[in-house]
Amino acid sequence: MDGVGVNIAFWVLAVVTIGAALGVMAARNLLHAVLFLILTFIGVAGFFLLLSAEFLAMAQIIIYVGAIAVLVLFAVMLTPHAGQSNSETKMALPAGLLALCLAAIFVFVLTDTDWSSVGSAPSVGVTGLGDALLSTWVLPFEMASVLLTAALVGAIMLTRNPEDETPEADA
Amino acid sequence: MTLGLEHFLVVGALLFCIGLFVALSKRNAIGVLMGLELMLNAVNLTLLAFSRFTHSAHPETGHVFVVFVITVAAAEAAVALALAITVYRNRSTVDVDQITMLRN
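Because the structure is a prediction, the values reported are computed rather than measured.

Caption draft 1: Examining the confidence of the model for chain B more closely. All names here are of chain B. Per-residue pLDDT for chain B averages 89, and the proportion of residues at 70 or more is 98%. Of all helices and strands in chain B, the one with the weakest mean pLDDT is helix H3 (residues 61-91) (91), whereas helix H1 (residues 5-25) scores best (93). ipTM for the predicted complex: 0.92, alongside a pTM of 0.90.

Here it is in structure tokens:
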């Protein structure tokens, strides 16, 4: 990938995405952490656009920013007395060491490997993605819809308050 | 400067490690979930980067994987947040250190 515009877009997106992810980590207020999380999702959608995956960028915006972030926001607001603080447990130090070591290994391996031999793929359009989903991957596709239905029913069953149930009035 | 595969992979790896730290260290169960979402996003970014930069007979396979990861992430978020709200309703807390009903 060449071009000044692509380079500028990549580095701006990289700074925004990693910065927002660090914000999720560092924000003291859980609501602010959710807002940083939304910014991270938008940055990742920008990366998807850079990788010429337009459909997935739109799906990322609609599903993550539109649905999951709102869900998380509602969950934060529905648990008011649990404290809006975003503090760490006593496992923060080992977890931080683990994450740092993992990051160091990843960055070392990724920069040390010669990736020039892997070549380049033609970009995938929505047509190709739809064809693949409904031919090669049709069984996982149907299973995903069953999973979504099960998750939906499960979430409703879990959050239903049994005491709120009123017996159906006979008409 | 030419952008290569390794640039996207490094961003994905850093995002994953930040998500790992958030998921392992946060006190609030919803914060842990946010870390999980960060990690799933990092994996999606890595899958798409490989799909874009690697020569393959079926370049759309990486995209299909990302579609499924997004689907499963949505299902996971819905169920996990429902669990968090149920635990909060019963115990008035979502502190993962105090949710020890299975221990005693």
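More follows now that the structure is in view.
Caption draft 2: Broad picture of the packing of helix H1 (residues 4-26) of chain A against H1 of chain B. Direction vectors running N to C along H1 of chain A and H1 of chain B enclose 10°, while the axes themselves pass 9 Å from each other. Between H1 of chain A and H1 of chain B, the interaxial angle falls into the category roughly parallel. Two secondary-structure elements touch here, H1 of chain A through Phe10, Trp11, Ala14, Thr17, Ile18, Ala21, Leu22, Val24 and Met25 of chain A and H1 of chain B through His7, Phe8, Val11, Leu14, Leu15, Ile18, Phe21 and Val22 of chain B. Looking at the contact of H1 of chain A with H1 of chain B residue by residue, the class counts come to 15 nonpolar, two polar and no charged.

Caption draft 3: Spatial organisation of the interface of chain B and chain A. Across the boundary between the two partners, chain B contributes 70 residues, which contact 83 residues of chain A. In this assembly, chain B and chain A are joined by eight residue pairs in polar contact (both at pLDDT 80 or more). Only H1, helix H2 (29-53) and H3 of chain B provide two or more residues apiece to the side of chain B that touches chain A. Residue contributions to the side of chain B that touches chain A peak at 23 residues, all from H3 of chain B. Of the residues contributing to the side of chain B that touches chain A, the split by class is 47 nonpolar, 15 polar and eight charged.

Caption draft 4: Seen up close, the packing of helix H2 (residues 30-50) of chain A against helix H3 (residues 54-78) of chain A. Residues and elements named next belong to chain A. Remark: H2 packs on H3, axes separated minimally by 8 Å, with the N-to-C direction vectors making an angle of 175°. Considered as vectors, H2 and H3 are oriented roughly antiparallel to each other. In contact with Leu30, Leu31, Val34, Ile38, Phe41, Ile42, Val44, Ala45, Phe48 and Leu49 of H2, H3 contributes Glu54, Leu56, Ala57, Gln60, Ile61, Tyr64, Val65, Ala69, Val72, Leu73, Val76 and Met77. Across the contact of H2 with H3, the residue classes break down as 20 nonpolar, one polar and one charged.

Definitions and limits used
Residues numbered from 1 in each chain as written. Chains lettered and ligands numbered in written order. Predicted model: local features only at pLDDT ≥ 70, side-chain atom pairs only at ≥ 80, totals over all residues. Heavy atoms only, no water. pLDDT = per-residue confidence, 0-100. Helix = DSSP H or I, 4+ residues; strand = E, 2+ residues; numbered from the N terminus. Axes fitted to C-alpha atoms, helices over the stretch in contact; angles between N-to-C directions. Parallel < 35°, antiparallel > 145°, perpendicular 65-115°, else oblique. Contact = heavy atoms within 4.5 Å. Nonpolar A, V, L, I, M, F, W, Y, C, P; charged D, E, K, R; others polar. Polar contact = N/O pair within 3.5 Å; in protein donor to acceptor, adjacent residues only side chain to side chain.

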